[in-house]
Protein chains: 2
Amino acid sequence: MTQSLPSAAVLGARAFAALQGLNRFTDEPGKLTRLYLSPSHRQAAEWTKGAMEVAGLSAFIDAAGSVQGRREGPVSGGPCVMIGSHIDTVKDGGRFDGNLGVVAGILVAQALRDAGIVLPFALEVIAFGDEENVRFPTHLSTSAALAGHYDPAWLDSRDADGMRLTEALVAFGGDPSGIPKLVRKPGSVKAYLELHIEQGPVLEVENEPVGIVTAINAQRRARVRVTGEAGHAGTVPMSLRKDALTASAEMALALEAIAAAEEQAVGTVGVFTVEPGAANVVPGSVTFTVDFRSPSNETLTRMEAAIRSRFGEIAARRGVFLDIAVYTNAPAVPMDAGLQDALAEGVARAGGNGTARRLPSGAAHDAMAMAALCPAAMLFVRNEKGISHSPLETMTEADAGIAIRVMLEAVLELARREN
Amino acid sequence: MTQSLPSAAVLGARAFAALQGLNRFTDEPGKLTRLYLSPSHRQAAEWTKGAMEVAGLSAFIDAAGSVQGRREGPVSGGPCVMIGSHIDTVKDGGRFDGNLGVVAGILVAQALRDAGIVLPFALEVIAFGDEENVRFPTHLSTSAALAGHYDPAWLDSRDADGMRLTEALVAFGGDPSGIPKLVRKPGSVKAYLELHIEQGPVLEVENEPVGIVTAINAQRRARVRVTGEAGHAGTVPMSLRKDALTASAEMALALEAIAAAEEQAVGTVGVFTVEPGAANVVPGSVTFTVDFRSPSNETLTRMEAAIRSRFGEIAARRGVFLDIAVYTNAPAVPMDAGLQDALAEGVARAGGNGTARRLPSGAAHDAMAMAALCPAAMLFVRNEKGISHSPLETMTEADAGIAIRVMLEAVLELARREN
């Protein structure tokens, strides 16, 4: 006897109950800290494997430490739709970041099985393990393994205790030599869908429970050094100063204006170090970071040109030296348009207003690595106050339920498209 | 047989030769570091005492460590004109800061003696010992002893090694119990004149070898704390940020504009500390110092009102919290008008253009403490590139000579005024 599909409210309640189970596993009691390949990551992977099996998936922990679950479609070994996210966390992180996306995949698989719905493709759920870039200097390595761009050099990277990733992987029960075999064939994954907490305040401000990600933003970072002339704060007249701090302050405000003038772009000065840094000395030099992001590579190139031009003008006018060294230049990763529309159809069917909010992702996600392999898309869930990477990270059960229901409807929409 | 008064060129050459002698004494070989009451301070004091005696002064090292030299006038014990500065230095300091002023006094006394000029007042030369506020948390204590505002609590202050000032003074050969007896009676010092390197670039920019100090600037300092909201540099849109750094940057530029708009005022942000200070985090809080100075207390009060108003407006507009705590509020110390004119007469007679540049002093000097006792005035000497508190501090021998000749002429002018 089959059941009807569960309501958003039921899905929300199931998700919160499941997260309570999964989030027992932590490296630090009293906090949620679950670093890649740690003992608590192994426990969480075992729990996830069990939950997948209960939802009717065949499951295993793969060579890189991800948990893979699959229910076959009409043809054994045929192409799949994959729902995934990660179960590693930052230190003292939030309950939803990554974990909710994995739980969502499991609940979608369970609901489809319970409703007796036969999909025209295989369904996979995956729990990646190395999204947060905390323990090792690696990032998205477990999703890169599936996408076929795992760099073997990553195995030699070390954690803060000097342990190599390859040793940690063996201790975890993984298999460094098996990683190349994890790569999926082109066409074998029809779609990768990821549900994730927004980690920002946009949806809350706009009163939307969910949003569809348009792109994972392009990002550039530069270290800027401004060199003026240190001087006595009492004796050097204003007109004769070459104050590195006020020059840099003007540049920080210029960056803010440049970012604000572009649709969906951000620009941040996060590090700002003053030399010599004494109350009675006019600063001689300042080193600061500039981080700027946009869904569009072209926008970022235009922003960089504007930054160089405005900063150069400020430096010239103030008689200070300027050095700008770009050290990160990551292009944008657009999300698949068809999958975005499938998610939008899901929003409409899940009871939304039919015009789902679309927004870029300022942070990186496994979907970024998977986009190299297959069409990929993401659904963001409203984040109270936009706080993430913190035990204060939260969302409502109602929003979680709506989002999982949207994922379910999006999978059904993809099934309809097969016919 | 008497000689004519020495030329500026001769005085400059004598001064540079004398400084070579005096500046042998240092706590750190290879650098000029002569902290208050250190062994090298004792050696320098002995050298200074000898130089004073050779110039025809009776000299002794007083209870607080200053070297006092005196030649009586017509009435023994009668009122004096005093020329002084300090022989302590900062760590790795310059050759001229303080030392040149003491050497100038000695050379003036010597030149007058050699020329057989009889003054209508006693002439004193003094080498103070605690001007730089480096070893102990005290400042101008040796000139304060003469002026009658030595705080006995200073004797209990400690240096970085935990040694109390009173112990250091005994080890130096001073006498803590004798300090109260150093105070001069009102009227016993007719004038205090101090020659000092400018420690700033004004005279160089204006192509003047010397300048007459109008006032030692009033100074206020505040610690400002700006509290916004930390956030992910990638996910928080520009319009929703409460960025403590850009708010503080705007305040630093507002301070710069406020100071630039006032005649002879300066304003500096020297310390600027960002929390959390990571490239990918929008700064949640910034703490910075504000130092502002002016020859006029009224100007400083107006500046503080403008700072509070502008900073408050910026904080309100940006939705950040603002806390301003003033922790230093030192009033201006005007230099005596009559003595400024005597120095101006000296400039005219020493071959200047007769219209001496007048400028405020942004830094504190012993003349500030002495002004509580008697009329006081200062002559600044052009400082190459305005660099001071550095081994790169320098001036030309020609400028030093002109300045000492001006001091000599100013003393003669004061003598003329007695008739």
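For clarity, every value in this text was computed on a predicted model and none was experimentally measured. (Residues numbered from 1 in each chain as written. Chains lettered and ligands numbered in written order. Predicted model: local features only at pLDDT ≥ 70, side-chain atom pairs only at ≥ 80, totals over all residues. Heavy atoms only, no water.)

Undergrad: I tried to follow the overall build of chain A on my own but got confused; where do I start?
TA: Looking only at helices and strands, chain A has 11 helices and 16 strands in total. Against the compact-globule benchmark of 22 Å for 419 residues, chain A has a radius of gyration of 24 Å, which places it among compact chains. In terms of its C-alpha atoms, chain A occupies a principal-axis envelope of roughly 90 × 50 × 40 Å. Here chain A, with 419 residues, has 60% of them falling under the buried criterion. Split by element, the accessible area of chain A, about 15400 Å² in all, is 53% carbon and sulfur. Counting 38 positive and 48 negative side-chain charges, chain A places the averaged centre of each group 1 Å from the other. (Helix = DSSP H or I, 4+ residues; strand = E, 2+ residues; numbered from the N terminus. Rg over C-alpha atoms; globule rule 2.2 N^0.38 Å. Buried < 20%, exposed > 50% of the residue type's maximum accessible area, 1.4 Å probe, protein only. Areas by Shrake-Rupley, 256 points an atom, 1.4 Å probe, with all protein chains shown as cover. Lys, Arg positive; Asp, Glu negative; His and termini not counted. Charge placed at Lys NZ, Arg CZ, Asp CG, Glu CD.)

Undergrad: What is the right way to look at the relation of the copies chain B and chain A in this model?
TA: Mapping between the two copies of the chain is achieved by a rotation about an axis and a shift along the axis. For the pair chain B and chain A, the relating rotation is 179°, the translation along its axis is 0.1 Å, and the fit reaches an RMSD of 0.2 Å. Between the two chains, the operation in question is that of a two-fold axis. Considering only C-alpha atoms, the residue of chain B closest to the rotation axis is alanine 249 of chain B, which sits at 2.2 Å. When the interface residues of chain B are mapped onto chain A, 100% of them are again interface residues, pointing to one common binding face. (Least-squares fit on C-alpha atoms with pLDDT ≥ 70 in both. Contact = heavy atoms within 4.5 Å.)

Undergrad: I would appreciate a short explanation of the environment of leucine 412 of chain A in the present structure.
TA: Residues and elements named next belong to chain A. Among the secondary structure elements, leucine 412 is positioned in helix α11 (residues 397–418). When the C-alpha atoms of leucine 412 and glutamate 345 are compared, they prove to be 9.8 Å apart, with 67 residues separating the residues in sequence. Among all residues touching leucine 412, those that are not within four sequence positions of it are Leu5, Leu112 and Ile117.

Undergrad: Quick question: what am I supposed to make of the domain arrangement of chain A here?
TA: You'll often see interface size given as the accessible area lost when the parts meet. Residue and element names in this part refer to chain A. Partitioning chain A into domains gives domain 1 (2–216 + 332–418) and domain 2 (218–330). Once you take the C-alpha centre of each, domain 1 and domain 2 turn out to be 38 Å apart. Taken together, the 8 residues of domain 1 in the interface contact 7 residues of domain 2. Counting the surface lost from both domain 1 and domain 2, the interface buries some 480 Å², and carbon and sulfur atoms represent 49% of this. Considering only the side of domain 1, the residues that lose the most area to domain 2 are Ala332, Pro360 and Gly362, jointly responsible for 74% of the buried surface there. Seen at the junction of domain 1 and domain 2, the total is 0 salt bridges. Within the residue set of the side of domain 1 that touches domain 2, elements represented by two or more residues are β6 (210–216) and β15 (357–361). At 3 residues, β15 tops the list of elements feeding residues into the side of domain 1 that touches domain 2. (Domains from an automatic or database assignment. Buried area = accessible area lost by both parts, 1.4 Å probe. Salt bridge = Lys/Arg side-chain N within 4 Å of Asp/Glu carboxyl O.)

Undergrad: Explain the packing of helix α7 (residues 244–260) of chain B against helix α8 (residues 297–318) of chain B here, please?
TA: Packed helices, taken two at a time, are described by the angle their axes make and the gap between the axes. Residues and elements named next belong to chain B. Where α7 meets α8, the closest approach of the two axes is 10 Å, and the angle between their N-to-C directions is 155°. As far as their axial angle goes, α8 and α7 are roughly antiparallel. Once α7 is placed against α8, the crossing between them reads as right-handed. Counted together, Thr246, Ala247, Glu250, Met251, Ala254, Leu255, Ile258 and Ala259 of α7 and Met303, Ala306, Ile307, Arg310, Phe311, Ile314, Ala315, Arg317 and Arg318 of α8 form the full contact between these two elements. (Axes fitted to C-alpha atoms, helices over the stretch in contact; angles between N-to-C directions. Parallel < 35°, antiparallel > 145°, perpendicular 65-115°, else oblique. Left-handed = near helix turned anticlockwise from the far one by under 90°.)

Undergrad: I would appreciate a short explanation of the interface of chain B and chain A in the present structure.
TA: Between chain B and chain A, the residue contacts involve 49 residues of the former and 49 residues of the latter. Our count for the contact surface shared by chain B and chain A stands at 2 salt bridges. Note that arginine 318 of chain B is salt-bridged to glutamate 256 of chain A, the shortest N-O span being 2.7 Å. Looking at the side of chain B that touches chain A, the elements that each hand over two or more residues are α6 (202–205), α7, β9 (266–268), β10 (272–275), β11 (281–282) and β12 (285–294) of chain B. Among the elements that take part in the side of chain B that touches chain A, α7 of chain B stands out by supplying 9 residues, more than any other. Partitioned by chemical class, the residues of the side of chain B that touches chain A number 27 nonpolar, 14 polar and 8 charged. (Nonpolar A, V, L, I, M, F, W, Y, C, P; charged D, E, K, R; others polar.)

Undergrad: Where do I start with the side chain of glutamate 413 of chain B in this structure?
TA: All names here are of chain B. Following the sequence through the fold, glutamate 413 ends up in helix α11 (residues 397–418). A residue is classified by how much of its surface remains accessible, and glutamate 413, at 13% relative accessible area, is buried. Beyond its immediate sequence surroundings of up to four residues, glutamate 413 is in contact with Ala342 and Glu345.

Undergrad: Could you clarify how one ought to interpret the side chain of threonine 48 of chain A in this entry?
TA: Residue and element names in this part refer to chain A. Summarising the element assignment, threonine 48 is placed in helix α2 (residues 39–54). On the basis of relative accessibility, which here comes to 0%, the residue threonine 48 falls in the buried class. Among the polar contacts listed, one links the side chain of threonine 48 to the backbone oxygen of alanine 44, at a separation of 2.7 Å. (Polar contact = N/O pair within 3.5 Å; in protein donor to acceptor, adjacent residues only side chain to side chain.)

Undergrad: Hey, could you run me through the packing of helix α1 (residues 8–22) of chain A against α2 of chain A in this one?
TA: All names here are of chain A. At a closest axis distance of 10 Å, the pairing of α1 and α2 adopts a crossing angle of 140°. Where α1 approaches α2, its residues Ala18, Gly21 and Leu22 are matched on the opposing element by Ala44, Trp47 and Thr48. Looking at the contact of α1 with α2 residue by residue, the classes come out as 4 nonpolar, 2 polar and no charged.

Undergrad: Quick question: what am I supposed to make of helix α2 (residues 39–54) of chain B here?
TA: Residues that lie three or four places apart on an α-helix share one face, since the helix turns once every 3.6 residues. Residues and elements named next belong to chain B. End to end, α2 covers 23 Å across 16 residues, agreeing with the expected 22 Å (1.5 Å per residue, within 8%). Looking only at α2, the buried set comprises Ser40, His41, Ala44, Ala45, Thr48, Ala51 and Met52. In a view along the axis of α2, the buried residues occupy a sector of 140°, so they form one face of it. For α2, the exposed residues set more than 90 degrees away from the buried face come down to Pro39 and Val54. Packing partners of the buried residues in α2 comprise α1 (8–22), β1 (58–61), β2 (67–71), α3 (99–114), β4 (122–128) and α5 (165–172). (Expected span 1.5 Å × (residues − 1). Arc of directions from axis to C-beta.)

Undergrad: When you look at the packing of aromatic side chains in this model, what are you seeing that I'm missing?
TA: The description of an aromatic ring pair rests on the distance of the ring centres and on the angle between the ring planes. Under the defined criterion, the tally for this structure stands at 13 aromatic pairs over all chains. Residues phenylalanine 272 of chain A and phenylalanine 272 of chain B carry aromatic rings whose centres are separated by 4.7 Å and whose planes lie at 50° to one another, so their mutual orientation is tilted. Here phenylalanine 272 of chain A is found in strand β10 (residues 272–275), whereas its partner phenylalanine 272 of chain B is found in strand β10 on a different chain. Judged by its relative accessible area of 6%, phenylalanine 272 of chain B falls in the buried class. Connected via pairs of aromatic rings, a cluster forms that spans Phe272, Phe288 and Phe311 of chain A together with Phe272, Phe288 and Phe311 of chain B. One cation-aromatic arrangement involves arginine 42 of chain B over phenylalanine 172 of chain B; the distance from NZ or CZ to the ring centre is 5.1 Å. (Phe/Tyr/Trp six-rings, centres within 6.5 Å; stacked < 30°, edge-to-face > 60°. Lys NZ or Arg CZ within 6 Å of the ring centre and 35° of its normal.)

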